[in-house]
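Residue-level structure breakdown
As a plain string of letters, each chain reads:
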Amino acid sequence: MSEFDVVFIGAGPGGYTGAIRCAQLGLKTAVIEKDKTLGGTCLNVGCIPSKALLDSSEHFHQVSHDLETHGVMVSGVKLDLKKMMERKDKIVSDLTGGVDYLFKKNKIERLQGLGRLKSETEVEVLTSSGKTETVKAKNIILATGSVPNALPGVDFDGKRIISSTEALSLNEVPKHLIVIGGGVIGLELGSVWLRLGAKVTVLEYADNICGAMDKQVSKKLQQILKKQGMEFHMGVKVTSAKSDGKKVSVSFETLKTGESQNMEADYVLVATGRRPFSEGVRLDAVGIEKDQRGFVKVNSHYQTSCKNIYAIGDLIPGPMLAHKAEEEGVAVAEIIAGQSGHVNYDTVPSVVYTWPEVASVGKTEEQLKAEGVAYNSGSFPFSANGRAKALGTTDGMVKILADKKSDKILGVHILGPRASDIICEAVVAMEFGSSSEDVARSFHAHPTLPEVIREAALAVDKRARQS
Ligand code: FAD
Ligand code: NAD
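To start, this report covers the structure provided alongside it. (Residues numbered from 1 in each chain as written. Chains lettered and ligands numbered in written order. Predicted model: local features only at pLDDT ≥ 70, side-chain atom pairs only at ≥ 80, totals over all residues. Heavy atoms only, no water.)

Assigned secondary structure in the protein consists of 13 helices and 22 strands. Here the protein holds 467 residues, and 51% of them are scored as buried. A total accessible area of about 21800 Å² is found for the protein, and carbon and sulfur atoms account for 50% of it. (Helix = DSSP H or I, 4+ residues; strand = E, 2+ residues; numbered from the N terminus. Buried < 20%, exposed > 50% of the residue type's maximum accessible area, 1.4 Å probe, protein only. Areas by Shrake-Rupley, 256 points an atom, 1.4 Å probe, with all protein chains shown as cover.)

In structure tokens form, the structure reads like this:
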């Protein structure tokens, strides 16, 4: 029987990054993955393919609508959806192949099959041909991720009633796409198909899109998406969706009035959240505990109720984000190696890759008010930024929230072009405990988009210079 210091179950961002860190630390490491390719949800059916399609569809939209203002006249723009999908698939296979390469380079053993716990130190690997092999491990790390939530009355058929996975590979542009859930998946994939020509209607239970987002930013984003043509029905509950193979009829009721409505579309994307996935791992075999929502319970060292079995990523509570899973993978590797692995959950950035993008880190105004924290707020619009004007994309703003007394930055919220890239400065600043004054006094090359961050930092002290 093969023996390892560490065996990971699941090769998503949590599992593969953690495995690489274990190997770097000299631990004999194996990763069990049930799918044919490595990289998990993120690389195969999540972050990467969605961003590839977001970038391609944004090009299509820009060439079709936005270049005229630059004096670039284009006619006869056509969409080759098959080619767009092939490009996306190539990016995915390059990156999943890249993880294979990294495993070989770091001498990480890859075991293909379903990983099932047999005892506290043994995992059985069930291959697709039905063979089993048992491996022994001093430490086992569960990194089995998450899957889309199903909605009562709305059964996925994978053809017309779909999850994000199928919405990333449609072979035609929907005439009408209904998106159930105005969260991050709904808005990102809704944007892809809207830009490619679909009518997109979002049905959202809450009164705001992206519930956890700073309310001012969420309202502004919704206005911008409406201007782009996305339609919203807020405060509604979907009760059923029925497909006849070509069309789907969706029934929903308005929460305030109880009024029922029907709507037809050729595709319905259900994007109402994801749930932790531990089916098949046999947690019961060793008595690993889950909470009411199905997340595996861990302590601050990621240990489950069995002390040498750990869990990380989407399988445990916290934001379901690739970079959160990665950092937990690294932390658990370092803890096992006797170091003091640690994740700073106060500085996990989150991004919605619409156009413009939304990126944030730290507390929202609503959270600070609820916690009774006194703060100053400084905002600055992209419309007053030279680079944003040159790019021709001026919607949005940056808002910095800083402690009233100490001026320490508590939250940064960006709605604007390339917010995903700009937020990195705010994350580093917060990691180092910066004040808004520190950011305001740091050089920012001119003319650049991050100058909006500095102006917002200056605005915390009411001394923005450019507006
Ligand atoms: P996963 O990536 O889900 O990987 C788990 C792996 O475990 C899978 O490969 C699975 O096959 C395997 N597995 C499960 N059970 C077993 C078993 N018993 N034996 C063997 N293998 C098993 N996050 C971001 O930060 N940025 C984004 O832009 C972003 N975009 C997204 C877009 C979409 C459409 C979706 C769906 C998600 C997106 N996410 C994004 C979220 C991100 O993909 C997840 O947070 C991340 O993949 C979680 O990593 P993980 O390692 O915990 O699990
Ligand atoms: P989400 O939690 O972001 O949004 C789900 C939305 O569905 C919420 O607004 C919720 O109010 C709504 N909803 C729930 N039940 C409903 C109902 N019955 N009818 C109508 N609306 C309903 O979930 P998601 O968009 O499915 O994304 C899942 C996870 O994937 C997220 O946790 C996110 O972290 C991750 N993800 C991240 C990115 C990114 O980082 N850019 C991109 C995609 C996905």
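Moving on: the sheet that holds strand β12 (residues 236-243). Hydrogen bonds along the backbone pair up the strands of a sheet, which may run parallel or antiparallel. Pairing within the open sheet is antiparallel, and its three strands lie in the order β12-β13-β14. Edge positions in the sheet fall to β12 and β14 (260-265), since each has one partner strand and no second. Sheet twist, expressed as the mean angle between neighbouring strand axes with direction ignored, is 25°. Bridging between β12 and strand β13 (residues 248-254) involves seven bridges; their strand directions are antiparallel. What sits directly across from serine 243, in β13, is valine 248. (Pairing = 2+ DSSP bridges. Axes fitted to C-alpha atoms, helices over the stretch in contact; angles between N-to-C directions.)

Turning our eyes to something else, we now look at the site of ligand 2. In the vicinity of ligand 2 lie 20 residues, with Ile185, Glu188, Glu204, Gly273 and Val351 positioned nearest. Here an oxygen atom of ligand 2 sits 3.3 Å away from a polar atom, N or O, in the main chain of valine 184. For ligand 2, an oxygen atom lies 2.9 Å from a polar atom in the backbone of isoleucine 185. Across the complex, the protein chains shield 75% of the 840 Å² of accessible surface that ligand 2 would expose by itself. Counting only elements with at least two residues in the shell around ligand 2, the list comes to α6 (184-195) and β10 (199-204). Broken down by element, the residue count for the shell around ligand 2 peaks at three residues, all from α6. Taken together, the residues of the shell around ligand 2 sort by class into 11 nonpolar, five polar and four charged. Built from parts of two domains, the shell around ligand 2 gets at least three residues from each of domain 1 (2-148 + 275-343) and domain 2 (161-272). (Near = heavy atom within 4 Å. Polar contact = N/O pair within 3.5 Å; in protein donor to acceptor, adjacent residues only side chain to side chain. Nonpolar A, V, L, I, M, F, W, Y, C, P; charged D, E, K, R; others polar. Domains from an automatic or database assignment.)

Right, let's get into the pairing of strand β15 (residues 267-270). Residues of β15 alternate between two faces, with Tyr267 and Leu269 on one and Val268 and Val270 on the opposite face, all of them buried. Bridge analysis of strand β9 (residues 176-180) against β15 gives four bridges, and the strand direction is parallel. From the neighbouring strand, isoleucine 180 faces β15, where its bridge partner is valine 270.

Take a nonpolar patch on the surface next. Together, Val72, Val74 and Val77 make up an exposed nonpolar region whose accessible area comes to about 200 Å². Its location among the elements puts valine 72 in the loop between α3 (47-66) and α4 (81-105). The partly exposed category is assigned to valine 72, whose relative accessible area is 39%. (Patch = residues over 30% accessible without salt bridge, like charges linked within 9 Å, V, L, I, M, F, W, Y side chains within 5 Å. Salt bridge = Lys/Arg side-chain N within 4 Å of Asp/Glu carboxyl O.)

This part is about the site of ligand 1. What surrounds ligand 1 is a group of 38 residues, the closest being Glu33, Thr41, Lys51, Gly115 and Ala322. Glycine 14 is positioned with one of its backbone polar atoms (N or O) 2.9 Å from an oxygen atom of ligand 1. With respect to ligand 1, the backbone of glycine 115 contributes an N or O atom lying 2.8 Å from a nitrogen atom. In isolation ligand 1 has 1000 Å² of accessible area, and contact with the protein removes 95% of it. Mapped by element, the contributors of at least two residues to the shell around ligand 1 are α1 (13-24), β2 (29-33), α2 (40-45), α3, β4 (114-119) and α8 (322-336). Looking at which element gives the most residues to the shell around ligand 1, the answer is α2, with four residues. Looking at the shell around ligand 1 residue by residue, the class counts come to 17 nonpolar, 15 polar and six charged.

Don't take any of this as a statement about function, it's just geometry.
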